[in-house]
Each structure stands twice: as structure tokens, then as C-alpha cells.
Amino acid sequence: MPVDIQFHGAAQTVTGSCTELVVGGTRLLVDCGLFQGPRSLEHLNHAPFGFDVHAIDAVLLTHAHIDHSGLLPRLAAEGYRGPIWMTGPTRDLIAYLLADAARIQVSDARHHNLRRDRADGRRHEPLYTPIDAERAVDLARTAELGRWFEPCAHVRARFWDAGHILGAVSIEIEAGGVSLFFSGDLGGKVASLEAAPTGPAGIDHLICESTYGDRTRAAIDLVERRHALKIEIDEAMQAGGNLVIPVFAVERTQELLLDMATLFDSGELEPRAVFIDSPLATRITSVFADSAIDGTNDGKVFAHSAFHFTETSAESIRLNALSGAIILAGSGMCEGGRVRHHLIHNLARPDSTILFVGYQARGTLGRLISEGADRVRISGHDVAVRAQIRSIDTYSAHADRDDLLAWIEARRPIRGSLFLNHGEADAVASLARACSGKGDIRCPSIGERFRLSAGAPAKRTKTGDPMLHAAIERDWQNDYTDFSLRLKGELEAIANPADRRHAIAEMRGVLRSHQRLAGQASHQRHKRRA
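My aim in this report is to walk through the structure given alongside it, one point at a time. (Residues numbered from 1 in each chain as written. Predicted model: local features only at pLDDT ≥ 70, side-chain atom pairs only at ≥ 80, totals over all residues. Heavy atoms only, no water.)

Further remarks concern the overall build of the protein chain. Check the secondary structure of the protein chain and you find 16 helices and 23 strands. By the compact-globule yardstick of 24 Å for 530 residues, the protein chain fits well, its C-alpha radius of gyration being 24 Å. On the principal axes, the C-alpha backbone points of the protein chain span a range of 75 × 70 × 50 Å. Out of the 530 residues in the protein chain, the part that is buried amounts to 51%. For the protein chain, contacts bridging at least 24 residues in sequence account for 72% of all contacts bridging at least 6. In the form shown here, the protein chain has an accessible surface area of approximately 23400 Å², with 50% of it arising from carbon and sulfur atoms. Each charge class in the protein chain was averaged separately, 61 positive and 67 negative side chains, and the resulting centres sit 7 Å apart. (Helix = DSSP H or I, 4+ residues; strand = E, 2+ residues; numbered from the N terminus. Rg over C-alpha atoms; globule rule 2.2 N^0.38 Å. Buried < 20%, exposed > 50% of the residue type's maximum accessible area, 1.4 Å probe, protein only. Contact = heavy atoms within 4.5 Å. Areas by Shrake-Rupley, 256 points an atom, 1.4 Å probe, with all protein chains shown as cover. Lys, Arg positive; Asp, Glu negative; His and termini not counted. Charge placed at Lys NZ, Arg CZ, Asp CG, Glu CD.)

Take a look at the structure:
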């Protein structure tokens, strides 16, 4: 029976994870994630799915992160009524995460439509609603680690611990006489809440993430990681301002809380107020507390007296008047959530510190700040960056290059092809070079399709879509923001006012020239089609 695989997301990018398998007349998805980051990438969330929703028989979900689960409500809204298979903890997490994602969709659409500077633009509709999120959660079906189950006809699957976040799995699939293993997102060396990733050996085709395929972290243990956090907190507090930590609601928040509680209770750090300013992180932390994970004192560590969970917007706003506070706020890449107003109030303060503890995808506000931007635009505000910008990469929930290579090696023999996905182009290429000479390696792009056979390399049957590939490159709006923020200062650097006006006129001329060229190209395309 023929088996085909097509990549609808997380190919040459770290977001929008979605892979389709076609086994005879049966179709299933592994993940159905939201594209996050620059606007051109987010627009893909509104594009038609690359598959027929009504033809999908089952969905397998590796874990709860929105870049893997965030389009499930849209799938349900468009008529999908089949099962969505996952672990029990993942089901508990998506109940909160998808509801929050739907709330953001509705809120962002309302905010966009109310903005005066966009009153003459196209009205925005939310991608999906809270009701759609509830429909998706209602479709959840759970399976245990290590037990084979049949998600749909002609397919059997088994979950393996991915060590990434609570409930995260890698997925082994046998279909049409072909064996496949999807890594999902893999955990790294240092984790206080998760076990190490596991998996089978001897696979026909391996699909492996590449998020940190070009980076190797220092080999440190939990004690050293906590010491590094202590140093960052000490230095931030000595500066006198606030310590703002953009966090992901799942796992990163809980890892930080566990480490801070350990440092406070051991006397290595003087206990001080820590504000968790994310209603979603508060709810997710309750799931971790109820899971009674080893090392958390049956979850009681998350109720430490130093921790204050802010719920209302008014409580969050009151934090703006503080100095010397530790504030954990979502979102982790600064693309939304309460962290944005904390950045507006703290980025311009030389005595404040912004500490990044997670991956910052290309085109995100977090990436711009972490790479040294001296001025950024946040929710319509132009903000100078004067705060101390720091990072600790050992809190990443992703395996680094060495971890990935070791994990791939443990899966051998790989009898067919190794697919490297879920990574930016440089990371994927770097990991591919490291695996060179060890079999057939594929680095798919979005839209690419392959025919799979047992014991033989994959055969490409459809190329990727160049328009989709272009969307994952640096967004022109990032360039525009950087240009517009600097424009006035650069014009003022021209001493003669007449020369400034001439420069403005020349810029307008360049824009009109490009508009004419675009119009001519569009006309030629229409003529060819006719």
C-alpha cells in the first residue's frame, strides 16, 4: 500500500507544525499548529489548508504547544469531527491553551478593527472562537506511553516520551508496511521536570526536529543552571530596576519557579516577591501542581510564599509602579500578552533588566531585542532600548545539536530517509551537514510531498510552494519598522532643510517606481493566463 508524506508547516521554520500522511485511502495529520512570528508568516494561518479537512481520518498530537496544536480549533470550525489522539497531560494542557489562543484571536481582531489608523483597511475576523476551541478539545482521545493503538484504518501508532514538556511525545507509526518515527520536539540535557527522550531503533523513515541544529550549549547540570540564574537575579536587583522575564506558559514558567524556590529555600538568594503575570501560566501551573511531578514536593513548590499570581489587568498594571520586582510574563517571544506592556515600561529604563530564557524565532519582537535593537515598536509605541538585555539558554526545552545527533544515532539503522524539519534554514542545514554520509537526508520545504517505501530512500513527488517559502523569510514589516523608527533621525542628520525635502521626494519616487513595476508585472501575468 503506498504511503505519502507532505509537510504543511514547520519546514525551514520552527512554527506551524503540520505533517500529513496518506496511506491508501486513509489520511491523518501529525500536529496542526499555528504559525507564529512575523506578519507574513502569521498570514499563513488564514490561507486555505493544504489538505481537504473532510478527508482527514485522524490527528496525532505530539504536545500542547500552540505551534503544534493551535490550528486544531480552525480544523474543528471547518468541519473536522474525527479523533485527536494525545496523552492525558496534553489533553489537560490544551483545554487551557486553546481557550487562551481563541481569546487572543477574538481580542486581536477587535483591537485591529478599533484602531483609528486602520479604519480604512480591511476588517479582520478572528481565526476561530472559544466555541471552536471547545469543539477541538471535545475531540481529544488519549493513549498511554508505550502502548500500540489504531488511530484510523490501516495505521497503528505508539507514543514515546519526548522529554520536552509535560505530556510531550514522539510518535512511532506503522502504515502500509512502512515504519516512521516523528520526534516531535525533543527535550535537552538539563530538565528538572521531565525525563530524557526515548524511542525505538530500526526505522524506515525518521522525521526529526532541528530547532537548535546549529547550536551546542555548555554541558551544565541543575546546580550550575540555578547558580547562573542566581547571578542574573543578583545583578538585576543590584541595578535597582525590575527584572522582566518573558516566559512561555508551559514548562518554562514552572522550571523557573522550581529553581527560584530552591534558591530561596537554600538561602542562596534572599526571598523576594516574584510576580507571575500571566493568567494562562497560572492555570498551567495548576496542572503541573496536580501532576505531583518528582522533585516538586507533590506540587507544593508552586505555592511558595514568594510567588504571587496576578489575575486581573488592574493587578498587572499596578506592577508598572514597582522597582526591584521579578516579573515573569507571557508571551515568551514577546509577540503578545502582558509582557509587552512591561517592556514598554521597562525597556527604556537603564536600571531594568530583560532576561530571555527561551528560543526567539526570526521576526519576533523578542528576537529583535535579543539581537541588540536600540529601538523597537510595541503596540504603536516607539521605545528606546536602554535596559540590560541578558539571556540564559539552558532553560530551553529543546535538545541542542549534540543532543539531536545522539538521539538520531540511537534510532539507527534508518533504512530509508532522515527528514529534518522544525528549524530555521541555517539550523536545518547545519544539522544536515553533521549527518552527511550517514544515509539519505531530506530538508523539506512547506508543501513538499514524498512517496515512502520500506527500506528505501524517499522519492519526492511534489516540490514546495515558493510563495510559502518566501513567507518564512525575514518579514518586510520588520524592515519597515526598523526603517521608520530611524527615518526622522536620519533626515535630521541632513543639515540643509531643502536637501531633506529632496531626500523625501526621492524616496517617494522610488516607491512609485516599484508600484509601476508591480502593476506591469501583474498585467503581464493576467495576459499570460488569458
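Picking up where we left off.
With that settled, the discussion passes to the pattern of salt bridges. For the structure on display, the rule yields 27 salt bridges. Measuring nitrogen to oxygen at the nearest pair gives 3.8 Å for the salt bridge that ties R362 to E424. Placement of the pair is R362 in the loop between β16 (353–356) and α11 (365–370) and E424 in the loop between β20 (414–421) and α13 (425–435), with a sequence separation of 62 residues. (Salt bridge = Lys/Arg side-chain N within 4 Å of Asp/Glu carboxyl O.)

Before going further, it helps to examine helix α6 (residues 222–239). Over its 18 residues, α6 extends 26 Å from the first C-alpha to the last, a length consistent with the 26 Å expected when each residue adds 1.5 Å. Inspection of α6 places R225, R226, L229, K230, E232, I233, A236 and M237 among the buried residues, and these make up the whole buried set. The buried residues of α6 occupy an angular sector of 170° when the element is viewed end-on, so they sit on one face. Turned more than 90 degrees from where α6 packs its buried face, V223 and Q238 sit exposed. Buried residues along α6 sit in contact with β12 (243–246), α7 (252–266), β15 (326–329), β16 and β19 (388–391). Its side-chain oxygen placed 3.2 Å from the backbone nitrogen of V223, D221 serves as the N-cap of α6. Within two residues after α6, G240 carries a phi angle of roughly 100°, on the positive side. (Expected span 1.5 Å × (residues − 1). Arc of directions from axis to C-beta. Polar contact = N/O pair within 3.5 Å; in protein donor to acceptor, adjacent residues only side chain to side chain.)

Once that is clear, we can look at the sheet that holds strand β11 (residues 203–209). One open sheet accounts for seven strands, arranged β7-β8-β9-β10-β11-β20-β21; its pairing is mixed. Two strands bound the open sheet, and with one partner strand each, they are β7 (149–152) and β21 (440–442). On average, adjacent strands in this sheet sit at an angle of 25° to one another, irrespective of strand direction. The pairing of β20 with β21 spans three bridges and is parallel. Counted as the bridge partner of L418 is I441 from β21. Relative to the sheet, helix α12 (residues 401–410) contacts β9 (169–175), β10 (178–182), β11 and β20, its axis offset from that of β11 by approximately 170°. Its contacts with the sheet place α13 against β11, β20 and β21, and it is angled at close to 155° to β20. (Pairing = 2+ DSSP bridges. Axes fitted to C-alpha atoms, helices over the stretch in contact; angles between N-to-C directions.)

Now for the pairing of strand β13 (residues 274–277). Two faces, one strand: in a regular strand the side chains alternate between the faces of the sheet. Burial of β13 is two-sided: the residues V274 and I276 facing one way and the residues F275 and D277 facing the other way are all buried. Handedness of the β-α-β unit built from β13, helix α8 (residues 279–290) and strand β14 (residues 307–309) comes out right-handed. As paired strands, β13 and β15 are joined by four bridges and run parallel to one another. Looking at β15, one finds that I276 is bridged to L328. (Right-handed = clockwise from strand over helix to strand, strands pointing away.)

Okay, the sheet that holds β16 next. Taken together, the six strands give an open sheet; going across it, the order is β14-β13-β15-β12-β16-β19, and neighbouring strands pair in parallel fashion. For this open sheet the edge positions go to β14 and β19, each flanked by a neighbour on one side alone. Between one strand axis and the next, the sheet turns through 20° on average, direction left out of account. Looking at chain direction, β13 and β14 are connected through three bridges and run parallel. Along β14, the bridge assignment pairs V274 with F307. Along the sheet, helix α10 (residues 339–346) makes contact with β12, β13, β15 and β16, crossing β12 at roughly 145°.

When two helices pack together, their arrangement is given by the angle between the helix axes and by the axis-to-axis distance. As a packed pair, α7 and α8 sit with axes 9 Å apart at the nearest point and diverge in direction by 70°. Relative to α8, the element α7 lies roughly perpendicular. The residues of α8 that touch α7, namely those facing T253, Q254 and L257, are A281, I284, T285 and F288. Residues of the contact of α7 with α8, tallied by class, amount to four nonpolar, three polar and no charged. (Parallel < 35°, antiparallel > 145°, perpendicular 65-115°, else oblique. Nonpolar A, V, L, I, M, F, W, Y, C, P; charged D, E, K, R; others polar.)

Moving on: the environment of P246. Following the sequence through the fold, P246 ends up in strand β12. On the accessibility criterion, P246 (1% relative accessible area) is buried. Sequence separation between P246 and G324 is 78 residues; the distance between their C-alpha atoms is 16 Å. Excluding its chain neighbours within four sequence positions, the residues that come into contact with P246 are A329, S331, G332, C334, V339, I354, L355, F356 and V357.

Bringing empty space enclosed by the protein into the picture now. Scanning the entire structure with this criterion turns up five cavities of 30 Å³ or more. Each pocket or cavity is described by its volume, and for the largest cavity that value is around 110 Å³. Lining the largest cavity are 14 residues, with S17, D31, F182, G184 and N421 sitting closest to its centre. Considering only residue class, the lining of the largest cavity consists of three nonpolar, eight polar and three charged. (1 Å grid on protein atoms, 1.4 Å probe; cavity = no way out; pocket = protein on both sides within 12 Å on 5 of 7 lines; lining within 4 Å. Points joined across faces, edges and corners; volume = space filled by probe spheres on them.)

This part covers the packing of aromatic side chains. Considering all chains together, one arrives at eight aromatic pairs under this definition. With centroids separated by 6.4 Å and ring planes inclined at 80°, the aromatic side chains of F7 and F450 adopt a geometry described as edge-to-face. You can see F7 sitting in strand β1 (residues 3–7) and its partner F450 sitting in strand β22 (residues 449–453), a full 443 residues away along the chain. The exposure classification of F7 matches that of F450, with both residues buried. Residues F149 and F159 carry aromatic rings whose centres are separated by 5.2 Å and whose planes lie at 70° to one another, so their mutual orientation is edge-to-face. Here F159 lies in strand β8 (residues 155–161) and F149 lies in strand β7, a separation of ten residues in the sequence. (Phe/Tyr/Trp six-rings, centres within 6.5 Å; stacked < 30°, edge-to-face > 60°.)

So, on to the packing of α6 against α7. Between α6 and α7, whose axes approach to 10 Å, the crossing angle comes to 80°. The angle between α6 and α7 falls in the class roughly perpendicular. For the pair formed by α6 and α7, the contact residues are R225, R226, L229, K230 and I233 on the first element and E255, L256, L258, D259, M260, T262 and L263 on the second. Here the contact of α6 with α7 is composed, by residue class, of six nonpolar, one polar and five charged.

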